[in-house]
Amino acid sequence: FQPKILIGTRVLITAGPTYEAIDAVRGITNRSSGKMGYAIAQAALELGAEVTLISGPTALAKPHGSHGVDVESASQMFDAVMQRATACDVFISVAAVADYRVAQPSEQKIKKSAEALTLNLVPNPDILAHVAGLANPPFCVGFAAESENLAEYAEQKRRAKKLPLLVGNLAQQAIGSDDNELVLFDDQGTHPLPRADKLTLARQLMQQIALRYKGANR
Ligand code: C5P
């Protein structure tokens, strides 16, 4: 039995990869499956929250009872989040947002030639940093997938993006797999969530988020 401690709480979640078009048929993306974000949406629903799930392209079905919003690119995800960010209480940014997009995607399929091809990439806006920087931000939770030096990089990111809570995981363990292992970073220090399937971890993480959100809004 789980007490519904998040009834009346509006939780906004991003999940999955983004897809940045190169031309009419090609694009740049990453190996995020969306599983962790979707599991967190499920866990938030179980606690009674009102959940909006903004998702890049994935093969997953949205958890029953969530409000789903499908996007493709980081720019579309940025717009979808910003439209809803001031009307949510908790923002959990799980999406693996592409850091760059193609400066000028071609409307037509680019024809192959014998020449080398250079793609001009420009940085995407940091959605999470924008939300956390709002005048009256929701309780913001970030993720950091690192392939090394997890503790150091995660804490750096938490400070740079001004987050009360950042969840670290090892990229090689997290991306695409069914299991994961998390470390929570907050002002108090670190808190490990040992290896388990993503729904189990999502439930433990949502408990931690709910405790901190409730504590901060007493
Ligand atoms: O800096 P890095 O991309 O590693 O930070 C990861 C965190 O920031 C994740 O929570 C991710 O969802 C978020 N992010 C974002 N917009 C970006 C890049 C990352 O919201 N353009």
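Residues numbered from 1 in each chain as written. Predicted model: local features only at pLDDT ≥ 70, side-chain atom pairs only at ≥ 80, totals over all residues.

Under an unreviewed UniProt entry, the protein has the name Coenzyme A biosynthesis bifunctional protein CoaBC and belongs to Ferrigenium kumadai.

A. Here's a closer look at the UniProt feature "binding site: CTP" (unreviewed entry) in the protein. Listed under "binding site: CTP" (unreviewed entry) in the UniProt record, and renumbered for this structure, are Asp99, Lys109, Pro125, Asp126, Ile127, Leu128, Phe143, Lys157 and Lys161. In sequence the annotated residues extend across 63 residues, and in space they extend as well, their farthest C-alpha pair lying 37.6 Å apart. Note that Lys109 resides in the loop between strand S7 (100–102) and strand S8 (121–123). Here Lys109 falls in the exposed class, since 11 other C-beta atoms lie within 10 Å of it. In this structure, Lys109 is in contact with Asp23, Ala24 and Val25, ignoring residues within four places of it in sequence. Within the element layout of this structure, Leu128 appears in helix H3 (residues 127–132). With residues near it in sequence (within four places) discarded, Leu128 still touches Ser93, Cys140, Gly142 and Lys161. (UniProt positions renumbered as here; feature names shortened; annotations may be inferred. Helix = DSSP H or I, 4+ residues; strand = E, 2+ residues; numbered from the N terminus. Buried ≥ 20, exposed ≤ 12 C-beta atoms within 10 Å, placed from the backbone. Contact = placed C-beta atoms within 7 Å.)

B. Examining the environment of Leu193 more closely. On the secondary structure map, Leu193 appears in strand S12 (residues 189–197). You can call Leu193 partly exposed: it has 18 C-beta atoms within 10 Å. For the pair Leu193 and Asn180, spaced 13 residues apart in sequence, the C-alpha to C-alpha distance is 9.1 Å.

C. Representation of the nonpolar core in the model. One finds Val11, Ile13, Ile40, Ala44, Met77 and Met206 to be the most contacted residues of the largest nonpolar core, which totals 58 residues. Among the elements that make up this core, the one with the highest residue count is helix H1 (residues 35–46) (eight residues). The contacts of Ile40, once residues within four sequence positions are left out, are Ile13, Ile92, Val94, Ala202, Leu205 and Met206. (Core = buried A, V, L, I, M, F, W, Y, C linked by C-beta atoms within 7 Å.)

D. A look at H1. The first and last C-alpha atoms of H1 sit 16 Å apart over twelve residues, in line with the 16 Å expected at 1.5 Å per residue. With eleven of its twelve residues buried, H1 lies for the most part within the structure. Within H1, burial applies to Lys35, Met36, Gly37, Tyr38, Ala39, Ile40, Ala41, Gln42, Ala43, Ala44 and Leu45. Phi turns positive, to about 95 degrees, at Gly48, one or two residues after H1. (Expected span 1.5 Å × (residues − 1).)

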